[in-house]
Amino acid sequence: MPWERPANVPFPNVWWTFEAPDPDREDGALVTYRVEDLTEDRFDDAIKLYTEHFLDDEPLCSYGRVRHIPASYEEMLAFWHYLLSEKFTIVCYKEGSKEMVGANLLSVKMASDKHDLTDLIKSESMQKLVAVNEYMTDTVNLFERYGVDKYLTAYGLSVNSRYRGRGIATEILKARRPICRAFGLRLTSTNFTAIGSQIPAAKVGFKTDLEMQYDEFVKVNPTYTFDGIKSKSLKLMSLPIE
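All figures in this text were calculated on a predicted structure; none of them were measured in a lab. (Residues numbered from 1 in each chain as written. Predicted model: local features only at pLDDT ≥ 70, side-chain atom pairs only at ≥ 80, totals over all residues. Heavy atoms only, no water.)

## Considerations on the pattern of salt bridges
Basically, it comes down to this: Each reported salt bridge corresponds to a side-chain nitrogen of Lys or Arg within 4 Å of a carboxyl oxygen of Asp or Glu. Numbering of helices and strands starts at the N terminus; helices are DSSP runs of H or I of at least 4 residues and strands are runs of E of at least 2. Partly exposed residues are those whose accessible area sits between 20% and 50% of the maximum for their type, while under 20% is buried and over 50% is exposed, using a 1.4 Å probe and protein chains only.
A complete count under the given rule lists 15 salt bridges for this structure. R162 is the partner of E99 in a salt bridge, and the nearest nitrogen-oxygen pair spans 2.6 Å. Placement of the pair is E99 in the loop between strand 3 (90–94) and strand 4 (100–110) and R162 in the loop between strand 5 (150–159) and helix 6 (168–174), with a sequence separation of 63 residues. On the accessibility criterion, E99 (28% relative accessible area) is partly exposed.

Dropping the structure here:
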């Protein structure tokens, strides 16, 4: 059974608010942003955000040309819809605007879960993407290392390109603490695939459990080649929750 959101936790809920520069103000004035639960009426907008501002920027998706290979894109869409239906995904809005500033596809991973993605993931580029991510978590075994039976993970942090360079990614990641506390989770951990997410994660307090250079994955499996990928390394980073 997949883990379910506790019934006593309000939905939707605002998890974090912060101030950052407004791209619509020439004077760079600060405006309030909020990070909150994604509601079903904005699912299509979230899919659009990830299609337009994630797939061609995230190193593994970009390298595998996921957006440009119909079979791979359809598999990614199916995976996204599955994640959105769990009601853990968070989104960021600028106060007074309905424009989606950013989002983080969250999920809870349990030690008892044995997900089999073979029926869902069949395209070569997606299989490779899943395989290297699973190699990281299987190698570390977070459940044993941190003494937990479940933790909050994520499958993509995206910021609308119009809002980048304003610390938005860092602020979205800060919402992990209050979310974990409300859900009764003692750990959050994610495979951060690019420097653009690894630096914000470190600022929030995530520590590196395992780092793999992309050109080292070929030693794990000869087919795991990433020549010319737009990133240096993949980092599995974790944040214990006090």
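## Re the packing of aromatic side chains
Rules: The pairing test for Phe, Tyr and Trp rings, Trp by its six-membered ring, is centres within 6.5 Å, and the orientation test on the planes gives stacked under 30 degrees, edge-to-face over 60, and tilted for anything in between. Geometrically, a lysine NZ or arginine CZ counts as sitting over a ring once it is within 6 Å of the ring centre and also within 35 degrees of the ring normal.
Taken as a whole and judged by the stated rule, the model has 16 aromatic pairs. With centroids separated by 5.7 Å and ring planes inclined at 55°, the aromatic side chains of W3 and F183 adopt a geometry described as tilted. Residue W3 is located in the segment before strand 1 (14–21), and its partner F183 is located in helix 7 (residues 176–183); the two are separated by 180 residues in the primary sequence. When its relative accessible area of 16% is taken as the criterion, W3 is described as buried. Overall, the relative accessible area of 6% leaves F183 in the buried class. An aromatic cluster is present here, built from Y63, Y135, Y214, F217 and F226 joined pairwise through their rings. The aromatic ring of F226 is capped on one face by K128, whose charged end is 4.7 Å from the ring centroid.

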